[in-house]
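# Close look at the chain arrangement
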Amino acid sequence: MKDKTTEILGLVSAALTTLAFVPGVISIWSLRPAPATAISLPMYLMFFVGVIGWLVYGLRVKSKPVIFSNATTIILSFSILIYKLLYG
């Protein structure tokens with residue numbers, strides 16, 4: 001069983017790395033299409049597939065920080081991919 005400190009560290013770290021995408025999403029939404037043109041489509045596609053892999057991993061090992069952060073990151077990165085495809 002994981003201790004509480006480790007679980008809290010995982011949750012805080014997951015929240016910070018996931019929320020780091022929010023300014024980019026906001027920027028693309030509000031300033032489109034300019035920010036979308038600077039985004040690498042292959043990089044974001046690779047990243048998106050990798051995050052899906054991390055979500056599956058988190059579900060298999062039943063890790064709440066991994067599950068919640070990657071589920072949120074999928075939504076954020078998918079929205080960036082959509083804007084890249086529409087405006088990039």
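These numbers come from a predicted model, not from an experiment.

## Quick word on a nonpolar patch on the surface
On the surface, Phe-78, Ile-82, Leu-85, Leu-86 and Tyr-87 cluster together into a nonpolar patch covering about 480 Å² of accessible area. Within the element layout of this structure, Leu-85 appears in helix 5 (residues 64–87).

## So, the side chain of Thr-18
You can see Thr-18 is positioned in helix 1 (residues 4–19). Given a relative accessible area of 4%, Thr-18 falls into the buried group. Polar contacts involving the side chain of Thr-18 include one to the main-chain carbonyl oxygen of Ser-69, which spans 3.2 Å. Every residue in contact with Thr-18, bar those within four places of it in the chain, is listed here: Ser-69, Thr-72, Thr-73 and Leu-76.

## Describing the nonpolar core
Counting 15 residues, the largest nonpolar core has Phe-21, Ile-28, Ile-39, Tyr-44, Ile-74 and Ile-80 as the members making the most contacts within it. Elements that contribute at least two residues to this core include exactly helix 2 (22–31), helix 4 (41–61) and helix 5. Ignoring anything within four residues of it in the chain, the contact list for Tyr-44 reads Phe-21, Ile-39, Ser-77, Ile-80 and Leu-81.

## Some words on the packing of aromatic side chains
Per the counting criterion, the structure on display carries 4 aromatic pairs. Between Tyr-44 and Phe-47, the aromatic rings sit 6.1 Å apart at their centres with planes inclined by 65°, giving edge-to-face as the arrangement. Separated by 3 residues within a single helix, Tyr-44 and Phe-47 lie in helix 4, roughly one turn from each other. Overall, Tyr-44 belongs to the buried group, its relative accessible area being 12%. You can call Phe-47 partly exposed: its relative accessible area is 27%. When the centroid spacing of 5.5 Å and the interplanar angle of 90° are considered together, the rings of Trp-54 and Tyr-57 count as edge-to-face. Taken as a pair, Trp-54 and Tyr-57 lie in helix 4 at a separation of 3 residues, close to a single helical turn. One aromatic cluster is present, formed by Phe-21, Tyr-44 and Phe-47 through successive ring pairs.

Basis of the calculations
- Residues numbered from 1 in each chain as written.
- Predicted model: local features only at pLDDT ≥ 70, side-chain atom pairs only at ≥ 80, totals over all residues.
- Heavy atoms only, no water.
- Patch = residues over 30% accessible without salt bridge, like charges linked within 9 Å, V, L, I, M, F, W, Y side chains within 5 Å.
- Areas by Shrake-Rupley, 256 points an atom, 1.4 Å probe, with all protein chains shown as cover.
- Salt bridge = Lys/Arg side-chain N within 4 Å of Asp/Glu carboxyl O.
- Helix = DSSP H or I, 4+ residues; strand = E, 2+ residues; numbered from the N terminus.
- Buried < 20%, exposed > 50% of the residue type's maximum accessible area, 1.4 Å probe, protein only.
- Polar contact = N/O pair within 3.5 Å; in protein donor to acceptor, adjacent residues only side chain to side chain.
- Contact = heavy atoms within 4.5 Å.
- Core = buried A, V, L, I, M, F, W, Y, C linked by side-chain atoms within 4.5 Å.
- Phe/Tyr/Trp six-rings, centres within 6.5 Å; stacked < 30°, edge-to-face > 60°.

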